[in-house]
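Below are the chains, spelled out letter by letter.
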Amino acid sequence: MIGHLRVRRSTRLGRPAAPRDQWPVRRPLTLRRERALSVAMLVPAVALLIGTSVFPIVSSLRSSLFETNPNIPGLEPRFVGIENYTRLFEDPVFLDSLRFTAIFVAIAVTLEIVLGLAVGVLISRRTRMTTLARVALLIPFALAPIAAGILWKTLFSSTWGPINWLLGTIGLPRQNFLGSSSQALPSLLAVEVWQQMPAVAFIIAAGVVSLPTDLFRAAQADGASAWQTFRRITLPLLRPVIFVVLVLRVMDAFKTYDIIVALTNGGPAQSTESITFLIAKEGFRYFHTGYAAAMSWVLLVIIMIVSIPLIRGLERAQRAGGADL
Amino acid sequence: MSLRRALLPTLIRAAVIVVMLFPIYWLVLTSLKPGALVQTSPPVFSTTELTLSSFDELLARKPVVAFFLNSTIVAFGSTVIAVVFGSMAAFVLSKTFLALRLRRAILLWVLLTRIFPPVVLVIPYFTILRDLGLVDTHVGLILTHVGYTLPLVIWLMLGFFAELPNELDRAAVLDGCSLWRRFWRISMPLVLPGLAVAAIFAFIFSWNEYLFASILTAETSQTLPVAMSSFVGQLQQQWGPMSALGVLMLIPVAVLALAAQRYIVQGLTFGAVKE
């Protein structure tokens, strides 16, 4: 398609510039006009982004400095300065949710990267079986997380769930997965990994495909084992890709909300309340908007700190990929 | 040795396929089982007694058609807005009319907005939409979804525009082609596949999005994920109809995801990793 246009261009360049039917020249092209047009084309997107990010963020920062209590009718929000923030760090519920979120993110992302790396390498070559495996990975990934959570609730059922049936057939006792405070976290992790590991696998597979093949041929000629090839060639060369995927997954794992709502609703005994879950609960069940806003700012700062290397890494990768930055 | 070398990866691949697909199989099977076979111990793993009665029950219990319509309106609306304005912005940002520093600042900001956890935004969104009278409207939810998908579209399209040869643009400039015509008539037709991918990603996000929808919609604009979650708290669990709804929700996005399979990596990594 591009080649076709190139041919047309070269024939056109040979002729003197004259108005043509296809591209009529209406007004002369000036840098000023071009600039004005480029600004006009940017405006809608920038306006939407201001409306949907800058404005809400600023309004959230403002409300985090106020105390709201809708239980007392007619009470105006009261300015309390940083009191919401100081209260936060003495609130055991918040600190517990911070701890839960940290553990959840750490384990989920580790599992996703390790499993995704293995699966990604295994599906990188195109065969009939890997094509089927890609489809098998893609469908759970496309399923809405809220639906995935509800689906797994049936799988985890203590009386008629297939997982407990499987445990029974290998002689293990029935588990009350979602109702027990020691099993609820692993259960959530299973669903999270089932849904998100495919993303890692696809990215790793793409990274493997883009590696230079001569290295692998040389390794094969030298009689390297599959493990040696993976450990000494694939893994070191994939480091930049693994890095991108790692930070992307960390960023997203902090946002986990839907599957918690569907599977445990924060329970049993508030043991699976992530920060995201707690913010939504404080803000929309109790209407403590100021307090919830303060929480969300703490979460924002944590995610920012984690994401700064990502922004640098993505920028570098984009530049290497030829983007005109 | 060579047998083991060939067999082990195949076995692992087979295991991956089974583990990934079994829950989906279970969802579809539960939606097609007659009610009496849904909650049995031991569970029924295959049956020939398939029926659509769960779907009938679902349609009788919930205004599924309305939910489907709401989800479609919101997903289409937000996708069209994000793709049109996003590709316009990406085209300008891929050219050199603006100062480099300004372009970089805009791009970094765009990336930052993607990093914001949605839950940080949802309380301010609620207040803003309430002030505008847009709570529980399609427009309100569409705007919040655009806020999330626009940055993704901009970054993706930037990558696709950057892949076009520079001479193409230069030649059009020589012919006196304005920026808009170079965008609309020359570059856009060439990045149509990329545009489709950006659109599919935006659509899937919007279709599956639960947090914003659960708080910003009520009766008139409730979407499918919210309808799905309304099953959760019920005392008498309706597993059959619930699975039927899950299947109905999954079909459109699964088809789209399969269609965009080749580009899924670019979409996931903001164009940082290409396949």
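These figures come from a predicted structure and were not determined experimentally.

### With respect to the overall build of chain B
Reasoning step 1: For chain B, the helix and strand inventory stands at 13 helices and zero strands.
Reasoning step 2: When the helices and strands of chain B are read in sequence order from the N terminus, they spell out α-α-α-α-α-α-α-α-α-α-α-α-α.
Reasoning step 3: Reported as C-alpha extents along the three principal axes, the dimensions of chain B are approximately 75 × 70 × 30 Å.
Reasoning step 4: Relative to its 275 residues, chain B shows a buried fraction of 61%.
Reasoning step 5: By sequence separation, contacts in chain B at least 24 residues apart represent 71% of the contacts at least 6 residues apart.
Reasoning step 6: When the accessible area of chain B is evaluated, it comes to approximately 11000 Å², of which 68% is carbon and sulfur surface.
Reasoning step 7: Both charge centroids of chain B, one from 18 positive and one from 12 negative side chains, sit 13 Å from each other.

### Section: the interface of chain A and chain B
Reasoning step 1: Between chain A and chain B, the contact holds 114 residues from the first and 117 residues from the second.
Reasoning step 2: Between chain A and chain B, roughly 10300 Å² of surface is buried when both sides are summed, and carbon and sulfur atoms account for 79% of that area.
Reasoning step 3: Broken down by element, the residue count for the side of chain A that touches chain B peaks at 23 residues, all from helix H2 (residues 31-63) of chain A.
Reasoning step 4: Here the residues of the side of chain A that touches chain B sort into 77 nonpolar, 19 polar and 18 charged.

### Focus: the pattern of salt bridges
Residue and element names in this part refer to chain A.
Reasoning step 1: For the coordinates displayed, the defined rule picks out nine salt bridges over all chains.
Reasoning step 2: A salt bridge links Arg249 to Glu192; the nearest nitrogen and oxygen atoms lie 3.1 Å apart. Of this pair, Arg249 sits in helix H10 (residues 226-253) while Glu192 is found in helix H8 (residues 184-209), placing the two residues 57 residues apart along the sequence. Summarising the burial analysis for this pair, Arg249 and Glu192 share the class buried.

### Structural notes on unusual backbone geometry
All names here are of chain A.
Reasoning step 1: Look at Ala269: it is not a glycine, yet its phi comes out positive at around 50°.
Reasoning step 2: Relative to the helices and strands, Ala269 is located in the loop between helix H11 (258-263) and helix H12 (275-284).
Reasoning step 3: Phi is positive for Phe287, which is not a glycine, with a value near 60°.
Reasoning step 4: Relative to the assigned elements, Phe287 resides in the loop between H12 and helix H13 (289-320).
Reasoning step 5: Looking at Phe287, the relative accessible area reads 41%, which means it is partly exposed.

### Quick look at empty space enclosed by the protein
Reasoning step 1: Taken as a whole and assessed by the stated rule, the structure comprises seven cavities of 30 Å³ or more.
Reasoning step 2: Within this model, the largest cavity holds a volume of roughly 1000 Å³.
Reasoning step 3: Where the lining of the largest cavity is concerned, the elements lending two or more residues are helix H5 (128-142), H8, H10 and H11 of chain A together with helix H5 (118-131), helix H6 (138-163), helix H9 (192-208) and helix H13 (264-268) of chain B.
Reasoning step 4: Across the lining of the largest cavity, the residue classes tally to 24 nonpolar, seven polar and seven charged.

### Some remarks on the nonpolar core
Reasoning step 1: Counting 184 residues, the largest nonpolar core has Leu137 of chain A together with Ile154, Met157 and Phe161 of chain B as its most contacted members.
Reasoning step 2: Filtering out sequence-adjacent residues up to four positions away, Phe161 of chain B remains in contact with Ser87, Ala90, Phe91, Ser94, Phe183, Ser187, Met188 and Val191 of chain B.

### Focus: the packing of H5 of chain A against helix H12 (residues 239-259) of chain B
Reasoning step 1: At a closest axis distance of 9 Å, the pairing of H5 of chain A and H12 of chain B adopts a crossing angle of 135°. Judged on the interaxial angle alone, H12 of chain B and H5 of chain A are oblique. Remark: the crossing between H5 of chain A and H12 of chain B carries right-handed chirality. Residues Val135, Leu138, Ile139 and Ala142 of chain A of H5 of chain A touch H12 of chain B, and the partners they reach there are Leu250, Val253, Ala254, Ala257 and Leu258 of chain B.

### Focus: the layout of surface pockets
Reasoning step 1: In this model, the largest pocket occupies a volume close to 1400 Å³.
Reasoning step 2: What lines the largest pocket is a set of 31 residues, and nearest its centre among them are Val121, Leu122, Arg125 and Ala226 of chain A together with Pro9 of chain B.
Reasoning step 3: Here the element with the most residues in the lining of the largest pocket is helix H1 (residues 2-32) of chain B; it accounts for seven residues.
Reasoning step 4: Counted by class, the lining of the largest pocket contains 19 nonpolar, seven polar and five charged residues.

Conventions and cut-offs
- Residues numbered from 1 in each chain as written.
- Chains lettered and ligands numbered in written order.
- Predicted model: local features only at pLDDT ≥ 70, side-chain atom pairs only at ≥ 80, totals over all residues.
- Heavy atoms only, no water.
- Helix = DSSP H or I, 4+ residues; strand = E, 2+ residues; numbered from the N terminus.
- Buried < 20%, exposed > 50% of the residue type's maximum accessible area, 1.4 Å probe, protein only.
- Contact = heavy atoms within 4.5 Å.
- Areas by Shrake-Rupley, 256 points an atom, 1.4 Å probe, with all protein chains shown as cover.
- Lys, Arg positive; Asp, Glu negative; His and termini not counted.
- Charge placed at Lys NZ, Arg CZ, Asp CG, Glu CD.
- Buried area = accessible area lost by both parts, 1.4 Å probe.
- Nonpolar A, V, L, I, M, F, W, Y, C, P; charged D, E, K, R; others polar.
- Salt bridge = Lys/Arg side-chain N within 4 Å of Asp/Glu carboxyl O.
- 1 Å grid on protein atoms, 1.4 Å probe; cavity = no way out; pocket = protein on both sides within 12 Å on 5 of 7 lines; lining within 4 Å.
- Points joined across faces, edges and corners; volume = space filled by probe spheres on them.
- Core = buried A, V, L, I, M, F, W, Y, C linked by side-chain atoms within 4.5 Å.
- Axes fitted to C-alpha atoms, helices over the stretch in contact; angles between N-to-C directions.
- Parallel < 35°, antiparallel > 145°, perpendicular 65-115°, else oblique.
- Left-handed = near helix turned anticlockwise from the far one by under 90°.

These figures capture arrangement, not role.
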